[in-house]
Amino acid sequence: MNLVYLILVSFLPSSAFVSCSFTKSGKQILQQIFEGDKDNHTKFNKFQELFKNFEDDSFCINSLGNIGKSALKFLSECSSNTCLEPNWAVRLIDSLPTKPPGLSRKGPFFFIGDFETCKELWSVEHRQVHYCTLKGTVKLGSETLPVTTGVCLPSNCHENQMSKLLNLAKEYLFNETIHVDSVYCSHGTDSTWSVKKPFVLFSLFFILALLTIGTLTEKMNRDGLIKKSNTKMRRMIHKKSFDVTRSSAVSISEDRSDRESCGFDSSGESEDNESLANSSVNRQFAPSIALTYRTLATISLSNSLLVNILSAFSVRSSLTYLFRNSTRDVKLVNLFRVCSSFWVIFSHTCLFSLHFTDTIRSVARKGESVVGWRNFMMNSSLAVDTFLFLSACVASYSIRKKILFRGSSSNFSIIKCLALLGHRCLRLLPALSLYLLFMGLVYNHLADGPFWNANGMFGTECNVTTIWPHFAFVSNFFPSTCVPWLWYISLDFQLYLTLPIVIFFLSKFRFGFTFAIVLCILALVYRSLMYAIYTLPANMFVEMLSGKFEKAELSFKLLYTSPLSRCPPFFLGILTGWYICQIRYLGTLRSITSFGLKILAVSLLAFALFGPFFYSEFLTYPHAISNRILWASGLAILVVLAQNGYNFGVFKVFGGQTLVVLSRLSFGVYLSHEPILLYYLNSLRQPMSPTSFGYFMFITISIYVLSLVCAFFIAISIEVPLLNLERKLLMTTRNMKEDTMKDRMERHVSFGDTEIEKYEVVEEGDVDGNDMDPSENTRQWIETGQLCLQRSDIDMLCAKQEEKANVKIEDDDGKTSTSC
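The rules behind these values
Residues numbered from 1 in each chain as written. Predicted model: local features only at pLDDT ≥ 70, side-chain atom pairs only at ≥ 80, totals over all residues. Heavy atoms only, no water. Disulfide = S-S within 2.5 Å. Helix = DSSP H or I, 4+ residues; strand = E, 2+ residues; numbered from the N terminus. Buried < 20%, exposed > 50% of the residue type's maximum accessible area, 1.4 Å probe, protein only. pLDDT = per-residue confidence, 0-100. Contact = heavy atoms within 4.5 Å. Axes fitted to C-alpha atoms, helices over the stretch in contact; angles between N-to-C directions. Parallel < 35°, antiparallel > 145°, perpendicular 65-115°, else oblique. Nonpolar A, V, L, I, M, F, W, Y, C, P; charged D, E, K, R; others polar. Left-handed = near helix turned anticlockwise from the far one by under 90°. Pairing = 2+ DSSP bridges.

## Digging into the state of the cysteines
Applying the stated criterion to the full structure yields three disulfides. One disulfide in the model links C118 with C152; its S-S distance is 2.1 Å. Disulfide C118-C152: the torsion about the S-S bond is 75 degrees, which places it as right-handed. One end of the pair, C118, is in helix 7 (residues 115-123); the other, C152, is in strand 3 (residues 143-154), with 34 residues separating them in the sequence. For the residue pair C118 and C152, the accessibility class agrees, reading buried in each case.

As structure tokens, then:
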């Protein structure tokens, strides 16, 4: 048994290696290697003969020999006192991997040496050594298992030389079939990072400086220390309360339009002339249905424009926006979004950790007996369908609210469609750009370890040739080695392109909803054909864990990331958002009816979640085809019931303001959770040895909390400031005559109250106006300015109100409704 053989067999296991490599002391092994026989021939000399044709490897072989001789000399000469402080050669040999306990019951094999010892040798003692990690597979009998091993070696032994040693070992030493995937050596010096560091630090300080200047500017402007030019008198919003007769044909509608909708409104030259007067209104908190994009001609260079731009980056304004109260959210959106985010993180934690776990067999056996863990992990893609449903529901709800507010003069034109998509890009691209910049320049240099690779690991090989699919929103069609998990953003954006088309049919045709239903049916036909033609697995993740990657990869391309396959939840979300923002609400349902609808929704969700694991072959593929549309249907029923006051107790507790902030951070959580998880896994010093899926739950909670922290900084430094900037530069309050304003606001009817609010627009200094701050008035607009009627029913409602003559104007002392 020689030293080189000891090093080589530490790369890949074999039966002979397990039986004899670790039964003798280190000194005995070294003596067998370097002590000669009667002809003064050593085993090390015999091994050198194998490499006599590889002149490039002479330095590596000689270095290995010198290390072994130095260690043997030290062990032979040391006494019991001096052996407590071994020399560097003994420490290097001591860092070599050993046989892990319980090898017979484990799945993937890990032979990881002591990375910290090797790190100390190159950083403290300044020895010419580096740590080499090899990944490959070994076929033992009929089973192929992945193997990862790491060894501390002299710097003369490079990656290509490691490959030659392994090829020789396969030929002379091993009977098993061995395949080497990669060899990576790290010696602690990172010259690439030293070049990138100045640019990264400059970018970081620039962002911090911009936030600081924005915060100071906003405070000075709020305190009146900045004198603006080219501004007219402020227009203030005041409120008066008056009674209306409660109508059973009015529903509560909530709005997310402050972040999801936008559009152009052409109201003539008068609005252009008034844009400067409107620019002083605090648009940051005004609802989007009361905002329009101003024309570029109205934006003039002035110190007011500069103040607005800088104030948009105020940390105080971002925090106020982030933690603001909201009474216009679609019911249950916050709960579903937070739960789905946690579900995705749990699934990724379980699946990605398998590459760093040596007890997969034990975990798999226990997982088979616990249906809940298995289903939530294998069927976690339903969380993606939840996000698609919520995205479409909120967008459709916001767009319809805007159409209703503007009345017949508002047409969903091509320009407004482009504005809608432009707003979507503004929400995605800035944060996405800085995120990809961070992953490409910084991430690979943040840590080290036996699993870490500064040249790029899974998802971190980012360069110019791998990031373009993300900016073109086609990464689901062109998989990238740079953050491949961003395929969802591309899928969502592609489905978002269909939103104006579906909205057009819904707004122009009485039975326009049939268009969305037809699209859903076509998607089901597509899924059926893909399963029939390519014989795809019913569950992609089960196929991957079984080692059948070819079919799993094909299923990923044709079904998992395809918009043709994933569109039904999105279209159902559009219909749900459109429906809940109209006057024809459910009304008063019988208890048995509402209970039956709740049972139906829960049944659809349960079947979609647990269906793949029925043992009946008759149910397997029908479920695989329809599970996503069934899941979305269950969500739609729950949302419609919640919007009309029929709710579960648990949803009432968590459906309000409790989860609003966490919900608003969901995009940042989605971006940051994967890098945090991969950082934790790749920086491990030893593989994980979990015994159940419960082990991963604690990791999931930690990853989620850290992701929230990162998402918070993403929000206050990128997301919210740019949304504020959009409102300050491109949007202005709607210029509306008093009669028109009164007519519109009289249609803001509450479901459970007898009062609504009327807003009057008066010039500052008017004798009838109050002394309230414009931002306070705007805040009240946000809290109460909600429209719940569809256009065809508004005229009917107004006619009935005129006939009954029940409208009575009251004083400001009246009770204010905040429901709608």
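## Examining the confidence of the model for the protein chain
On average, the protein chain scores 75 in pLDDT, and the residues at 70 or more come to 68%. Per-element mean pLDDT across the protein chain ranges from 33 in helix 2 (residues 15-20) up to 96 in helix 30 (residues 666-682). Contacts from residues 230-292, a stretch scored under 50 in pLDDT, to residues over four places away or in other chains number 258 contacts. Note that residues 733-795 has pLDDT below 50 and, in this model, 191 contacts with residues that lie over four places away or in other chains.

## With respect to the environment of C581
Structurally, C581 is set in the loop between helix 25 (563-580) and helix 26 (591-610). For the pair C581 and K401, spaced 180 residues apart in sequence, the C-alpha separation works out to 6.8 Å.

## What about the packing of helix 21 (residues 499-508) against helix 22 (residues 513-534)?
Axis separation between helix 21 and helix 22 bottoms out at 7 Å; the angle between their running directions is 140 degrees. One way to sum up the angle between helix 21 and helix 22 is to call them oblique. Between helix 21 and helix 22, the residues in contact are I501, V502, F505 and L506 and F513, F515, A516 and L519, respectively. By residue class, the composition of the contact of helix 21 with helix 22 is eight nonpolar, no polar and no charged.

## Describing the packing of helix 9 (residues 191-222) against helix 18 (residues 414-441)
Remark: helix 9 packs on helix 18, axes separated minimally by 11 Å, with the N-to-C direction vectors making an angle of 155 degrees. Relative to helix 18, helix 9 is oriented roughly antiparallel. The chirality of how helix 9 crosses helix 18 is left-handed. Between helix 9, through W193, K196, F199, V200 and I207, and helix 18, the contact on the second element is made entirely by L434, L437, G440 and L441. Tallied by class, the residues present in the contact of helix 9 with helix 18 amount to seven nonpolar, one polar and one charged.

## Quick notes on the sheet that holds strand 3
Adjacent strands of a sheet pair through backbone hydrogen bonds, lying either parallel or antiparallel. Within the open sheet, the four strands sit side by side as 1-3-2-4. Their pairing is mixed. Both edges of this open sheet fall to strand 1 (109-112) and strand 4 (177-186), since each of them pairs with a single strand only. Going across the sheet, the axis of each strand differs from the next one's by a mean of 15 degrees, ignoring polarity.

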